[in-house]
Structure formats: C-alpha cells, structure tokens
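# A closer look at the structure
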Amino acid sequence: MGLSGLVFLGLAIVMVGVGEVWAEQQSTDVKVKLDAVISITADANLDLNVMPAPAGVFVKKTGNVTVSTNNATGYILQVADKDSDTNLKQGMSGVTAQIPSITANTTEANFTMNRWGIALDAINFQPIPTAGNALTVPGTATGPVNAETKQVTFGAKVNTEMSSGAYADVVMFSAVTNYVPTPTFSGITTMQQMTTEI
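Given the structure is predicted, the values throughout are model-derived calculations rather than measurements. (Residues numbered from 1 in each chain as written. Predicted model: local features only at pLDDT ≥ 70, side-chain atom pairs only at ≥ 80, totals over all residues. Heavy atoms only, no water.)

## Considerations on the sheet that holds strand β3 (residues 75-81)
Let me state the cut-off plainly: DSSP calls a pair of strands paired once it identifies at least 2 bridges connecting them. Helix and strand assignments come from DSSP, with helices taken as H or I runs of at least 4 residues and strands as E runs of at least 2, each series counted from the N terminus. Orientation is described by lines fitted to C-alpha atoms, with helices fitted over the stretch in contact, and by angles between N-to-C directions that extend from 0 to 180 degrees.
Taken in spatial order, the three strands of this open sheet run β8-β3-β11, and their pairing is antiparallel. The open sheet has two edge strands with one neighbour each: β8 (135-137) and β11 (171-177). Strand-to-strand twist across the sheet, computed as the mean angle between neighbouring axes with direction ignored, equals 30°. Inspection of the sheet shows β3 paired to β11 by seven bridges, in the antiparallel sense. Residue pairing across strands places Leu77 opposite Ala175, the latter belonging to β11.

If you want it as structure tokens, here you go:
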C-alpha cells in the first residue's frame, strides 16, 4: 500500500465536569428578655378580738404577706405605719380614746397596758414604726421567688379602762427589689451582642 492510502484517525476527548455545590452558614442569636417584676399581697384586714378584764388581756394575731419577683438578687420586705401617727383610734363619733404604740421592745409577759405593737418573730414585740422608719422583715429572698409568704404579728393588751368598739390604724407593707449589678463585658465577642444594659 502506498503512502497515499494511509489514514490517521484522531481521538477527540470532551471533559464534562460534575457541578459543585457551594453553601454558607449564618448564625442567629435568639433571646427571650424578661423585664423585672415584683408583686405583693397582704391580708386586707387583721382583726384582734378581745374580751377585756380589769387586770388586762393580751391578744395577738399573725398576718400573711406574699411576694413574687423575678429580680436576680431578690427583694426586701418592709413594714411601717402609713404615717407618723401610730395610735389605734376609735371610729365612733365623739370617742377620743386611743391605743398608742408601745415605746420599747418587750414580750407578751411584760406588755404595756392599753398599748399595741408588732413582732417579726411572733414573740418579741417592737414599737409600731412610723412612715419613713420602716422595719425590715428578716429572711427575705436573695433571688427570684414565686409567692414567698412572710408573717408579721400584731399584739395588744387592754383592760376595762378602754371604751368598747373598734380601734384601727393602717399599716403599709413594701416589697423593694434589691440592687442588680451592671453586667460586665465578659462573654461579649461581637458588637452585635452589645446591648443597652451593658
């Protein structure tokens, strides 16, 4: 066979690439922000019923105060008269008799005649505090609480020198949240995590 009859066969290769998948990720911080709240409830009325005798009769009764708060450092509970007048007064027209507060700490056995007082432990009675000079109820929480109940006791000792009838005054309970320190920069890694609280 001559050279004129030689045929070259070429091999053509076509590369078909497999498609690549690209992905990116972005995180989202989800936060539930709880506002600080506090609520307080107390017995609406506390009636000390007594049958006086010439030698005097002591009577006491305990009231409940319930506090709820989500404050991180808890709260304090305080009690005081609604004003500077701590006398129990007769509600009947023309009756001027009053039952003043005791003037010094005492116990039931040594309670002053025709006086009233307050006890934070149901045993040791103190003078009724005036507004602005509240007593702090001990043992209150240092963290969040749900319906924590504290008890405060009122006592009075009367004899037959006092006119019959109801003697009344108003006592105020106050629940105050404790101070919460300002957060530090600890744990902050991006500007997006900065808040008005920091």
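We are not done yet, so read on.
## Things to note about the nonpolar core
The test is simple: To qualify as a nonpolar core, a set must consist of buried Ala, Val, Leu, Ile, Met, Phe, Trp, Tyr and Cys residues joined through side-chain atoms within 4.5 Å. We call a residue buried when its accessible area falls under 20% of the maximum for its residue type, exposed when it is over 50%, and partly exposed in between, using a 1.4 Å probe and counting protein chains only. Here, two residues are considered to be in contact whenever any of their heavy atoms come within 4.5 Å of each other.
By size, the foremost hydrophobic cluster in this structure holds 22 residues, and its most contacted members are Tyr75, Leu77, Ile99, Trp116, Ile118 and Leu120. Of all elements in the fold, only β2 (57-69), β3, β6 (115-119), β8 and β9 (145-158) reach the threshold of two or more residues within this core. With five residues, the top contributor of residues to this core is β9. Not counting chain neighbours up to four residues away, the residues in contact with Ile118 comprise Val79, Asn124, Phe125, Gln126, Pro127, Ile128, Pro129, Leu135, Val152, Thr153 and Phe154.

## Looking at the side chain of Thr153
Operational definition: Definition of a polar contact: a pair of N or O atoms within 3.5 Å, with one able to donate and the other able to accept a hydrogen when the atoms are protein atoms, and with sequence-neighbouring residues admitted only if both atoms are side-chain atoms.
On the secondary structure map, Thr153 appears in strand β9. A polar atom in the side chain of Thr153 sits 2.7 Å from the side chain of Thr62.

## Comments concerning the environment of Lys150
Relative to the assigned elements, Lys150 resides in strand β9. Judged by its relative accessible area of 16%, Lys150 falls in the buried class. Distance in space between the C-alpha atoms of Lys150 and Val67 is 8.2 Å, their sequence separation being 83 residues. With near-sequence residues (within four places) excluded, Lys150 lies in contact with Gly63, Asn64, Val65, Tyr75, Leu77, Val137, Pro138, Gly139 and Thr140. Here Gly139 takes part through its backbone oxygen, which lies 2.8 Å from a polar atom of the side chain of Lys150.

## Observations regarding the packing of aromatic side chains
We apply this condition: Only centres within 6.5 Å qualify two rings of Phe, Tyr or Trp (six-membered ring in Trp) as a pair; their planes then separate them into stacked at under 30 degrees, edge-to-face at over 60, and tilted for everything else.
A complete count under the given rule lists four aromatic pairs for this structure. When the centroid spacing of 5.5 Å and the interplanar angle of 80° are considered together, the rings of Phe58 and Phe125 count as edge-to-face. Pair noted here: Phe58 is in strand β2 and Phe125 is in strand β7 (residues 125-126), with a separation of 67 residues, a long-range link. Here the two residues Phe58 and Phe125 agree in accessibility, since each one is buried.

## Let's talk about unusual backbone geometry
At Asn114, a position not held by glycine, the phi torsion is positive, near 55°. Given the relative accessible area of 10%, Asn114 is considered buried. For Ala147, which is not glycine, the phi torsion reads 60° and is therefore positive. Its place among the elements puts Ala147 in strand β9. Ala147 gets classed as partly exposed once you look at its relative accessible area, which sits at 42%.

## Focus on the sheet that holds strand β5 (residues 98-99)
The sheet built from three strands is open, its strands ordered β5-β4-β10 with antiparallel pairing. Two strands close off the open sheet at either side, each with one partner strand: β5 and β10 (167-168). The sheet contact formed by strand β4 (residues 88-90) and β5 spans two bridges and is antiparallel. Across the sheet, Lys89 pairs through a bridge with Gln98, a residue of β5.

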